[in-house]
Amino acid sequence: LKWSGDYARKAVELDETSASARATLGWILNWQSGPTEGLASFDQALNLNPGLADWRYGLLLSHGGRADDAEVYMKRIMLVDPLHPPRYKYLLGKAYYFQGRYEEALPLIRQAAAEMPSHRPSHVLLTAVSAELGLKDAIPALVQDVYRLDPKFTIQDWLNYIRISDEAYAKRLRDGLRAARLPDR
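Presented here is an overview of the structure given in this document. (Residues numbered from 1 in each chain as written. Predicted model: local features only at pLDDT ≥ 70, side-chain atom pairs only at ≥ 80, totals over all residues. Heavy atoms only, no water.)

### Examining the layout of surface pockets
Phase 1: Approximately 220 Å³ is the volume found for the largest pocket.
Phase 2: Contributing to the lining of the largest pocket are 13 residues, with W31, L59, P121, Y161 and I162 lying nearest its centre.
Phase 3: For the lining of the largest pocket, the secondary structure elements donating two or more residues are α2 (19–32), α4 (55–63), α6 (86–98) and α10 (155–162).
Phase 4: Sort the elements by how many residues they give to the lining of the largest pocket and α6 lands first, with four residues. (1 Å grid on protein atoms, 1.4 Å probe; cavity = no way out; pocket = protein on both sides within 12 Å on 5 of 7 lines; lining within 4 Å. Points joined across faces, edges and corners; volume = space filled by probe spheres on them. Helix = DSSP H or I, 4+ residues; strand = E, 2+ residues; numbered from the N terminus.)

### With respect to empty space enclosed by the protein
Phase 1: For the coordinates displayed, the defined rule picks out one cavity of 30 Å³ or more.
Phase 2: As a volume, the largest cavity reaches approximately 40 Å³.
Phase 3: Lining the largest cavity we find Y90, K94, P121, V124, L125, W158, I162 and L173.
Phase 4: Of all the secondary-structure elements, those providing two or more residues to the lining of the largest cavity are α6, α8 (120–132) and α10.
Phase 5: A total of three residues in the lining of the largest cavity trace back to one element, the largest contributor, which is α8.

### Examining the packing of aromatic side chains
Phase 1: With the rule as written, the count across this model stands at nine aromatic pairs.
Phase 2: Taking the centre distance of 5.3 Å and the plane angle of 50° together, the rings of Y97 and Y102 count as tilted. The two residues Y97 and Y102 agree in class, both being buried.
Phase 3: Ring geometry for W158 versus Y161: centroids 5.4 Å apart, planes at 40°, classification tilted. Taken together, the residues W158 and Y161, both in helix α10 and three residues apart, mark about one turn of the helix.
Phase 4: An aromatic cluster of three or more residues is present, and its members are Y97, F98, Y102 and Y169.
Phase 5: Cation over ring: R87 sits above W55, and NZ or CZ is 4.1 Å from the ring centre.
Phase 6: Above the face of the Y161 ring, R120 is positioned so that its terminal group lies 4.9 Å from the ring centre. (Phe/Tyr/Trp six-rings, centres within 6.5 Å; stacked < 30°, edge-to-face > 60°. Buried < 20%, exposed > 50% of the residue type's maximum accessible area, 1.4 Å probe, protein only. Lys NZ or Arg CZ within 6 Å of the ring centre and 35° of its normal.)

Below, the structure is given as structure tokens:
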């Protein structure tokens, strides 16, 4: 990953007006240095190209405590690309989830999970949102889907893996997964 960061920095140096290079640098910085630097680079990319359509920005916005911005951004890029991939639905649903708008999140996340049967994040989030909505009859099958994709799933391992930097959002997801009776450790 370090080399990737070096290459992305070099790309930005070679063309400071490249939104694509700044977005890629932002993605790498998020994982290397943290969300503050990653989001700052993505914000610069969006300033360079207001039409930037990069799902990674929506993810970082959600994980960085800016779910309202993620909602606006994901809706915009979904309009730009009417044949958008299912990941876009998942990310818009995630933005709703972190805003506590579970009923709006559910159909988007459910559809994304159906369209991406091996995408762990959508199945985990579907389990959490279903638990938040009190859909007790659906929970056992959803938990089984999580274990099918990750037989050793724990909430703590999941939160470490996805690296939500906003404490309130991490707590919301932890609480939702606990409500589904998934194990902490």
